[in-house]
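The lines below spell out each chain.
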Amino acid sequence: MRIWCCLCFEEEEDNKKGYKSMGDPILGNNGEEFPDDNPAFDWRRVFDAALRPQEGGGGAGNVGILRNEEIDFDMKWLSSEVEARNGNYSGERMLNVNLNLGLSGEASSSSTVVQKEESDRDTYSKRPKVNSFSLDWDNHLLQETSYLCPMNEDGGDVSLSNLLGATDDEGKDNDISKMEDLDVRMDLTDDLLHMVFSFLDHIDLCRAASVCSQWREASSHEDFWRYLNFENKQISSDQFEDMCRRYPNATTINLYGTPNIHPLAMKAVSSLRNIDALTLGRGQLGETFFQALTDCHVLKCLIINDATLGNGIQEIPIYHDSLRLLQLVKCRVLRVSIRCPQLETLSLKRSSMPHAVLNCPLLHDLDIASCHKLSDAAIRSAATACPLLVSLDMSNCSCVSDETLRDIAQTCANLRVLDASYCPSISLESVRLVMLTVLKLHSCEGITSASMAAIAHSYMLEFLELDNCSLLTSVSLDLPRLQSIRLVHCRKFIDLNLHSGMLSSITVSNCPLLQRINIASSALKKLVLQKQESLTTIALQCPNLLEVDLTECESLANSICEVFSDGGGCPVLKSLVLDNCESLTVVAFCSTSLVSLSLAGCRTLISLEFKCPYLEQVSLDGCDHLERASFCPVGLRSLNLGICPKMNVLNIEAPQMASLELKGCGVLSAASINCPLLTSFDASFCSQVKDDCLSATTSSCPLIESLVLMSCPSVGCDGLFSLHSLPNLTYLDLSYTFLVNLQPVYESCLRLKVLKLQACKYLTNTSLERLYKENALPALCELDLSYGTLCQSAIEELLACCTHLTHVSLNGCINMHDLIWGFTGDQLSHIPSVSIAPHGSSLGEQHLSNELPKRLLENLNCVGCPNIKKVVIPMAQGFLLSSLNLSLSANLKEVNIACYNLCILNLSNCCSLESLQLECPRLSSLFLQSCNINEETVEAAISRCTMLETLDVRFCPKICPLSMTMLRVACPSLKRIFSSLVPS
């Protein structure tokens, strides 16, 4: 279905067609113009509303026109606005809206293609003068209901440019005649408008009414005005009377917060015969209003909130034959008499009435919460007068007694819900509420353990709340339908015994004396009992329990493990949290269902034994005193025991484990590790681990790829020879050990890629000869000799001959002096310079790569080498070097580097640096922090680094932080310069 739409506004042509300025048919104004500063109507919002799916109703009086039909809106804005140069509007503004409506894939029979002649004719018949409509309400409401587009100063039609939020360029000369040639017009069907408007509220309906006569008529349809909401509006009696006259079929009225609610309410009940819901409040209602209610025969719902009824000292009768819901909330009245034979729901909540007489035989729900002035006898009389009562809320009625509850129980046999919270006088003695399903006894000081006998007779009970019952010491209930129970802040509560097949929720919190819990339930899946400091015994028969949280139950004994092991009553338990249970010393679990276990913070735990083949997660953070641990078998994939410094015996059988960390188990002497899939093993600082333990581990874990034996001084040659059982070993860390030679490593670790030998001070100068003379460890790429004692010649031979190394660390090597590769400083000037070709390749690259043996070194770290004074790296020797770190070399004075691929150079804290020569075309980051180097040297150095982006010269005393411009001139590629905020 295709509908071509156009809106045209012109006062002169409207007058020719006989149209006159019309008043608002909705709110009743007399054609008053709207001020220019009022907001324009949002067209897009109207059409966007139609795009929302209809789900049972929406908006004001949502009527399901075209419901369940597929609607496709294709909106095209084809027209443009024209402003005459003299400021007066004389042309025609048009809006082209293309609405394609696909209803079940077929075109609507009512859709036709409008030809030019017909559209011209229809245009003139649908072009009303657009006038404003408003009410004489207060300024706030005036701003909400005055919604038309600004008028021209000459009183002409509305400017569509303002209507759509668009602006015209006053300097642009548009041809109005071309606009008139466009032959598309607007003609929305009534059904479509009805559907679109059903999504709008009253404010937007008023705005839509200002568009044209068709929209004005559509927006005033009574379907949209059945609910009149004047909440907190400053509406006068005359205005409300006019609304009642215009919409006599309104069914829902809200007058809450309006001034003089009594006359408005009287007008509503006398004028609107179809009203079925009325909301009033914040004022005074006279007796005559309640007398007039009898004439409102279809009234079903009456809500009065925060009002004075009558003069406050007289009885108010409320008699109505069809009323179903009555709320008198927070009302001030001396006495109320209610006789409503059809009433089902009554609320007198927070009302200050000492007397209430009810004659409501069908009443189901009664709410008298916080009616402090109602006496015990008045409550008894009111409740017993309603034999069909299902729900009763008498919370905060402090005078209610057990006698009243007994009478209610006898009279109201169908009572299901009872809220007697904050009623200190009740103890439920001899009270039998057999059909009760919900019982709330929050802060009832009279509830004790003896009261449980009365509750036990409520065999239909499903929800029970006993929060803050300060005298309650024990709860023992066997209720087959109980689903939820709450016990919070029961200060003297000691014992909990519950048996219910449907119990699914237990909330027990802040019961400091609770010692014993016995629960039997086939529906309970999660149990949380945090911070029960005195809890010592738990007995569970919960076949479907999955999660238990006993965090900070400090008194739990070791016997708790039996409850959660096989045969303990929780056969499918998967998650157990025992964090900060500081009384646990020996923990032993044997469970075929347990998946996750947390013992974090159990500082007194000494022994641990797990036989849980499906255990995948375990947390032992803070178990500082753990001495013995057995994981045989477990389903763990990773385990970290580095936080157990007193561990001395360890047994692990984990078929799925891939990572094991024993970092910090300094006294561990006996360890049996059977993990056939283990790939990463970290035994750092396990000073008591000996060769036999290492040999057994490598034999049972043949897939280890990464092995860390840092600070394991007891490991000797025999243990290292056992590494031949690890054919996949690629990472080996022997730092801080007493190694004398590397012969076992050369023979056992043929596939080694990373070797760390930090601080191995007993290695001789010839220990590394096999690396470069016999090509031992041919796959080795990374070597760490930091803080070692190798001499200068050994280091030079290693760097010169081990050309296959890519990463070398020589941090803190005190015997390392000058770092000069291949050429002296004089020869460096004769090396051919390198320039960058247009596509990034270097001229002469192939020539240089063939002059000398090519090094594969990419990363070199010489941090903190105090005796290095000079560094010379020519292009041919460090061709692939990409990162060089010489920071903290305090005596370094001269640096001459020509490296084609060098990207990062760190010379920070080289306080003696004086000379810097760089020819590094790919250098991107240069760090000179705290270097005693002058600005001219830096400028000369970076001038040949054409790709430098980051320069750090902070705390350089000879470089002025305010003269960064010269550095940018020397190196135009610089993007970031880090300098001190103030000169040093």
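It should be noted that the structure appears before, not after, this text.
Attention in this report is confined to the structure presented alongside it. (Residues numbered from 1 in each chain as written. Predicted model: local features only at pLDDT ≥ 70, side-chain atom pairs only at ≥ 80, totals over all residues. Heavy atoms only, no water.)

1. As for the pattern of salt bridges
Now for step 1: Evaluation of the coordinates by the stated rule reveals 24 salt bridges.
Now for step 2: With a shortest N-O distance of 3.0 Å, R246 and D242 are connected by a salt bridge. Here R246 pairs with D242, and both are found in helix α10 (residues 237-246), just four residues apart, close to one helical turn.
Now for step 3: One salt bridge connects D952 with R954, and the closest N-O pair in it is separated by 2.7 Å.
Now for step 4: Relative accessible area serves as the criterion here: at 31%, R954 is assigned to the partly exposed category.
Now for step 5: Because the salt bridges share partners, they merge into one network encompassing E222, D223 and R226. (Salt bridge = Lys/Arg side-chain N within 4 Å of Asp/Glu carboxyl O. Helix = DSSP H or I, 4+ residues; strand = E, 2+ residues; numbered from the N terminus. Buried < 20%, exposed > 50% of the residue type's maximum accessible area, 1.4 Å probe, protein only.)

2. Details of the environment of G569
Now for step 1: Its place among the elements puts G569 in the loop between α16 (560-563) and β25 (575-577).
Now for step 2: Residue classification places G569 among the buried positions, given a relative accessible area of 14%.
Now for step 3: G569 sits 30 residues away from A539 along the chain, and the two C-alpha atoms are 7.9 Å apart.
Now for step 4: Apart from the residues within four sequence positions on either side, G569 is in contact with L540, Q541, C542, P543 and V563. (Contact = heavy atoms within 4.5 Å.)

3. Observations concerning the nonpolar core
Now for step 1: Core analysis: the biggest nonpolar cluster contains 267 residues, and F610 and F631 have the highest contact counts within it.
Now for step 2: For F610, the residues in contact, after removing those within four places along its chain, are V587, F589, L597, L599, L615, V618, S630, F631, C632, P633 and V634. (Core = buried A, V, L, I, M, F, W, Y, C linked by side-chain atoms within 4.5 Å.)

4. Brief notes about the packing of aromatic side chains
Now for step 1: Applying the stated criterion to the full structure yields eight aromatic pairs.
Now for step 2: Measuring from centroid to centroid gives 5.1 Å for F289 and F290, while their planes differ by 75°, and the two rings are edge-to-face. The same class applies to F289 as to F290, namely buried.
Now for step 3: Note on F589 and F610: the rings are 6.2 Å apart at their centroids and 35° apart in plane angle, and the pair reads as tilted. Within this pair, whereas F589 is found in strand β26 (residues 586-590), its partner F610 is found in strand β28 (residues 607-612), the two being separated by 21 residues in sequence. The two residues F589 and F610 agree in class, both being buried.
Now for step 4: A network of ring pairs unites the aromatic residues F589, F610 and F631 as a single cluster.
Now for step 5: Sitting over the face of the ring of Y319, R339 holds its NZ or CZ atom 4.1 Å from the ring centroid. (Phe/Tyr/Trp six-rings, centres within 6.5 Å; stacked < 30°, edge-to-face > 60°. Lys NZ or Arg CZ within 6 Å of the ring centre and 35° of its normal.)

5. A word on a nonpolar patch on the surface
Now for step 1: The grouping of F738, V740 and Y762 at the surface amounts to a nonpolar patch, some 350 Å² of accessible area in total.
Now for step 2: Along the polypeptide, V740 turns up in the loop between β37 (731-733) and α19 (743-748).
Now for step 3: A relative accessible area of 48% means that V740 is categorised as partly exposed. (Patch = residues over 30% accessible without salt bridge, like charges linked within 9 Å, V, L, I, M, F, W, Y side chains within 5 Å. Areas by Shrake-Rupley, 256 points an atom, 1.4 Å probe, with all protein chains shown as cover.)

6. Examining the pairing of β26
Now for step 1: Of the two faces of β26, the one lined by V587 and F589 is fully buried and the one lined by V586, A588 and C590 carries no buried residue.
Now for step 2: Judged from the five bridges that link them, β26 and β28 form a sheet pairing that is parallel. Directly across from A588, in β28, lies its bridge partner E609. (Pairing = 2+ DSSP bridges.)

7. Looking at empty space enclosed by the protein
Now for step 1: Throughout the structure, instances matching the rule amount to eight cavities of 30 Å³ or more.
Now for step 2: Here the largest cavity defines a volume of roughly 90 Å³.
Now for step 3: What lines the largest cavity is L757, C760, L763, L768, L785, G788, T789, L790, I795, L810 and C813.
Now for step 4: The residue inventory of the lining of the largest cavity, partitioned by class, reads nine nonpolar, two polar and no charged. (1 Å grid on protein atoms, 1.4 Å probe; cavity = no way out; pocket = protein on both sides within 12 Å on 5 of 7 lines; lining within 4 Å. Points joined across faces, edges and corners; volume = space filled by probe spheres on them. Nonpolar A, V, L, I, M, F, W, Y, C, P; charged D, E, K, R; others polar.)

8. Digging into the sheet that holds strand β9 (residues 335-339)
Strand pairing in a sheet takes place through backbone hydrogen bonds and is either antiparallel or parallel in direction.
Now for step 1: Here we have three strands laid out as an open sheet, ordered β7-β9-β11, and parallel in their pairing. In this open sheet, the two edge strands, each paired with only one partner strand, are β7 (315-319) and β11 (355-359). Averaged over all pairs of adjacent strands, the angle between strand axes in this sheet comes to 10°, irrespective of strand direction.
Now for step 2: Pairing of β9 with β11, which is carried by five bridges, proceeds in the parallel orientation. Bridging across to β11, V336 finds its partner in A356. (Axes fitted to C-alpha atoms, helices over the stretch in contact; angles between N-to-C directions.)

9. Looking at helix α13 (residues 376-384)
Now for step 1: Of all the residues in α13, the buried ones are D376, A378, I379, A382 and A383. The buried residues of α13 all sit within an arc of 160° when viewed along its axis, so they share a single face.
Now for step 2: On its buried face, α13 is in contact with β11, β12 (365-367) and α14 (402-411). (Arc of directions from axis to C-beta.)

Geometric values such as these leave the question of function open.
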